[in-house]
Amino acid sequence: MEVVILPGSRQIGALAADAIELLLQRKPNAVLGLATGTSPLTIYEELARRHEEHGVDFSEARGFVLDEYVGLEPGHPQSYREVIRREFTDRVNIKPENVHAPDGSAADIPAACQAYEEAISEAGGVDLQILGVGTDGHIGFNEPGSSLSSRTRIKTLIEQTRKDNARFFGSISEVPHHVLTQGLGTILEAKHVILVATGAQKAQTVRDFVEGPVAAICAASVLQMHPHTTILIDEAAASSLKLADYYRHAYDNKPQWQGL
Ligand code: GLP
């Protein structure tokens, strides 16, 4: 796990976009894992700008959305398929048919989850997974207690997560209780994971999953088991880390050839 502490979300967005741009140069049909939430927005913003101004090409790229609410009608503005379309995929030249999301309106939820896992495998797996982290340490919607080897499945949201996400809906009563999410085992199979977090309200969460024990109570801690995870955080989110100086030192002296 590499921790990179940056001045702010603009720099975080730029560094993550660098990694995605390099990946697309190396592999034009790369599979991107797409997360929602506020944290990845600067990445999508920067990629849209580079597409517009420098022609960064997504024409062969593929995308898999990380998670989805259950029970929102198709096209609901807060469904994650819609959020990703609005915030990212409509702003670059990725083909709409190459962007997939778990089907939260499926009649047969277990079958939809299974089909999603198969679609990811058939695409050759996720090359680069973008992640945020919830205040309770969830990644995707893997709430505390999630099996560390879980696959795409239905989960029940913790009330705090519904409260956190109510800002996107009219009121908390409109936030679904159930969601579909790639499992922790699914996420661990991505070849490279980039998790972004900013702000003092994430400082304890970051400390818990980066430097605490690997435990289901803090789902993001499973990333300690992943061979290539990059954590991009700002100074505020890094403020509780015990080894912050070491992470800075390691990044400042990193051999150039290593990349992100
Ligand atoms: C939601 C999403 C997560 C995201 C989290 C944090 O719960 N399912 O994928 O990481 O929000 O969002 P934010 O970045 O807005 O704090």
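It should be noted that the structure appears before, not after, this text.
From a predicted model like this one, the values you see are computed outputs, not experimental measurements.

Caption draft 1: Seen up close, the side chain of Thr152. Looking at the secondary structure, you find Thr152 in the loop between strand 6 (128-131) and strand 7 (153-156). Given the relative accessible area of 8%, Thr152 is considered buried. Here Glu117 takes part through its side chain, which lies 2.7 Å from a polar atom of the side chain of Thr152. The residues touching Thr152, leaving out its near neighbours within four places in the chain, are Cys113, Tyr116, Glu117, Thr181, Gln182, Gly183 and Thr186.

Caption draft 2: Up close: the sheet that holds strand 7. Reading across the sheet, the three strands line up as 4-8-7 and stay open at both edges, with antiparallel pairing between neighbours. Each edge of the sheet is formed by a strand with only one pairing partner; in this case those strands are strand 4 (67-69) and strand 7. Adjacent strand axes in the sheet meet at a mean angle of 30°, parallel and antiparallel pairs treated alike. Here strand 7 pairs with strand 8 (residues 178-181) via four bridges, running antiparallel. The residue bridging Ile154 from the neighbouring strand is Leu180, located in strand 8.

Caption draft 3: Just the pattern of salt bridges, in detail. A full pass over the atoms with the stated rule returns 18 salt bridges. Linking Glu53 and Arg49 is a salt bridge whose minimum nitrogen-to-oxygen distance equals 2.8 Å. Here the residue Glu53 and the residue Arg49 both occupy positions in helix 2 (residues 41-54), the gap between them amounting to four residues, near one helical turn. If you follow the salt bridges from partner to partner, you end up with Asp18, Glu21, Glu46, Arg49, Arg50 and Glu53 in one network.

Caption draft 4: Here's a closer look at the site of the ligand. For the ligand, the set of nearby residues contains 14 residues, the closest of which are Thr38, Ser39, Asp67, His138 and Lys202. Take Ser39: an N or O atom from its side chain is 2.5 Å from an oxygen atom of the ligand. Contact distances for the ligand include 2.7 Å between an oxygen atom and a side-chain N or O atom of Lys202. Protein chains bury 93% of the 390 Å² of accessible surface belonging to the ligand in isolation. Residues that form the shell around the ligand fall into these classes: three nonpolar, eight polar and three charged.

Caption draft 5: Structural context of the environment of Pro227. Mapped onto the secondary structure, Pro227 falls in the loop between helix 7 (203-211) and strand 10 (229-234). Taking the C-alpha atoms as reference points, Pro227 and Leu148, separated by 79 residues in sequence, lie 15 Å from one another.

Caption draft 6: Representation of the pairing of strand 3 (residues 62-65) in the model. Side chains Arg62 and Phe64 of strand 3 all project onto a buried face; the interleaved residues Gly63 and Val65 project onto the opposite face, where all are buried too. Judged from the four bridges that link them, strand 2 (residues 31-34) and strand 3 form a sheet pairing that is parallel. In the sheet register, Gly33 faces strand 3, and the bridge partner there is Phe64. Handedness of the crossover joining strand 2 and strand 3 through helix 2 is recorded here as right-handed. Pairing analysis gives two bridges linking strand 3 to strand 5 (residues 99-100), with the strands arranged parallel. Along strand 5, the bridge assignment pairs Phe64 with His100.

Calculation criteria
- Residues numbered from 1 in each chain as written.
- Predicted model: local features only at pLDDT ≥ 70, side-chain atom pairs only at ≥ 80, totals over all residues.
- Heavy atoms only, no water.
- Helix = DSSP H or I, 4+ residues; strand = E, 2+ residues; numbered from the N terminus.
- Buried < 20%, exposed > 50% of the residue type's maximum accessible area, 1.4 Å probe, protein only.
- Polar contact = N/O pair within 3.5 Å; in protein donor to acceptor, adjacent residues only side chain to side chain.
- Contact = heavy atoms within 4.5 Å.
- Pairing = 2+ DSSP bridges.
- Axes fitted to C-alpha atoms, helices over the stretch in contact; angles between N-to-C directions.
- Salt bridge = Lys/Arg side-chain N within 4 Å of Asp/Glu carboxyl O.
- Near = heavy atom within 4 Å.
- Areas by Shrake-Rupley, 256 points an atom, 1.4 Å probe, with all protein chains shown as cover.
- Nonpolar A, V, L, I, M, F, W, Y, C, P; charged D, E, K, R; others polar.
- Right-handed = clockwise from strand over helix to strand, strands pointing away.

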